[in-house]
Amino acid sequence: MFRCRWSAHYCRAVVHEVRQAARYHGDQAVTPGMLDFAVNVRAAGPPSWLVERLGGRLSDLGHYPSAADVARATEAVAARHGREVDEVALLAGGAEGFALLPNLDPRLAALIAPSFTEPEAVLSAAGVPIQHVVLDPPFGLAGAAVPARADLVVVGNPTNPTSVLHPVRDILALRAPGRIIVVDEAFADAVPGEPESLAGMSLPDVVVLRSLTKTWSLAGLRVGYALGTPEVLARLTARRAHWPLGTLQLEAVAACCSPDAVAEADAGARRLAALRAEMVTGVRATGVDVVDGCAPFVLLRVEDAELTRKQLETKGIAVRRCDTFVGLDGEYLRAAVRPEWPRLVEALT
């Protein structure tokens, strides 16, 4: 828990600043006309076949989402990962999974850092005590000192913003009696073959959160799902509103989890991996250090991140500031993998 030794006014200001940092996201760095390296969403937009399929359901918006739509989406997710249908909970974006974590009534949440900040924001707002487990560069998970009292652990894989992909064995090493491990796999489908994923493993104490907004460029629609045992998912979703997902969201889940879509996503991940390798080589040629990883973004280490970011802004280029992530200081920036990376390299030079 955060405790302040100074005045109540100063303490409130500090807590407000911490919460503001946790709720900062890359889209806030982008203004119209900028080249966007700050947001990790497929730059080309959703594929035409997906737009057409969603468009075909527009005439159904006058009706409530049907049980058939829910069943079709749930069955598609279950088939995609080899799970039972009662091991699937459909979500309005992976972020909703974090918003539901307080329903698990944790006594102490351990957040592996640096990582996506939304768990910190929602758990803190719910009054759940949290403790960050900060990983040192190069941000490997092996040997992470998780408090023994922690009955909830949240870890990203691959991790945002470091792009590090943790071995399954290191994640499973975090397990302990009475503890639930939540694995944020929002970018797992952007890695060829989805190595080190726990999505297909039915474990009583592991919940996997998946997002479909990144690979399929559906950030404005909010689609994702959770995978876990029926008992844990029932606790997680116990206080949700009725009709948590709309018809278009359900259609998107079913579409993006079809075998053809999964194959398309993997082909895209392979192209992205090749593009990432080219981008990393180009950035390193400027003398800028890049953290080893495999996600569709790169973590850059520069001498003065704030100054570099502002200079890039004057050139019409947006990158993600990283001083809002616990465990990263003023030497880091995150940049999405995009085919326009030579412009970023030129600006850095």
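Look above for the structure.
Residues numbered from 1 in each chain as written. Predicted model: local features only at pLDDT ≥ 70, side-chain atom pairs only at ≥ 80, totals over all residues. Heavy atoms only, no water.

**Q** So what about the overall build of the chain? Which residues, and what values?
**A** Of regular secondary structure, the chain possesses 11 helices and 13 strands. Relative to the compact-globule value of 20 Å for 349 residues, the chain shows a C-alpha radius of gyration of 20 Å, a close match. Viewed in the frame of its principal axes, the chain has a C-alpha envelope of about 55 × 50 × 40 Å. Looking at the chain as a whole, 52% of its 349 residues qualify as buried. Within the chain, contacts between residues separated by at least 24 positions form 73% of all contacts whose residues are at least 6 apart in sequence. Just so you have it, the chain exposes about 15,800 Å², and 54% of that area is on carbon and sulfur atoms. (Helix = DSSP H or I, 4+ residues; strand = E, 2+ residues; numbered from the N terminus. Rg over C-alpha atoms; globule rule 2.2 N^0.38 Å. Buried < 20%, exposed > 50% of the residue type's maximum accessible area, 1.4 Å probe, protein only. Contact = heavy atoms within 4.5 Å. Areas by Shrake-Rupley, 256 points an atom, 1.4 Å probe, with all protein chains shown as cover.)

**Q** Now, about the pattern of salt bridges: what can you tell me, with residues and values included?
**A** In total, this model carries 20 salt bridges according to the counting rule given. For the salt bridge of D69 with R57, the shortest nitrogen-to-oxygen distance reads 3.0 Å. Pair noted here: D69 is in helix 3 (residues 67–81) and R57 is in the loop between helix 2 (48–55) and helix 3, with a separation of 12 residues, a long-range link. With a relative accessible area of 14%, R57 lands in the buried category. Between D69 and R72 there is a salt bridge whose closest N-O contact spans 2.4 Å. One end of the pair is D69 and the other is R72, both in helix 3 and 3 residues apart, which spans about a single turn. (Salt bridge = Lys/Arg side-chain N within 4 Å of Asp/Glu carboxyl O.)

**Q** How would you summarise the packing of aromatic side chains if you had to cite specific residues and measurements?
**A** Evaluation of the coordinates by the stated rule reveals 5 aromatic pairs. Ring centres 5.6 Å apart and planes at 50° place the aromatic pair F98 and F116 in the tilted group. Taken together, the residues F98 in helix 4 (residues 94–99) and F116 in the loop between strand 3 (109–113) and helix 5 (118–125) connect sequence positions 18 residues apart. According to the relative accessible area criterion, F116 is partly exposed, its value standing at 23%. Aromatic pair F187 and F297: ring centres 5.0 Å apart, planes at 75°, arrangement edge-to-face. (Phe/Tyr/Trp six-rings, centres within 6.5 Å; stacked < 30°, edge-to-face > 60°.)

**Q** I'd like a description of helix 5, backed by residues and values.
**A** Counted residue by residue, helix 5 has 6 buried out of 8 residues, so it is predominantly covered. Those residues of helix 5 that sit buried are E118, P119, E120, A121, V122 and L123.

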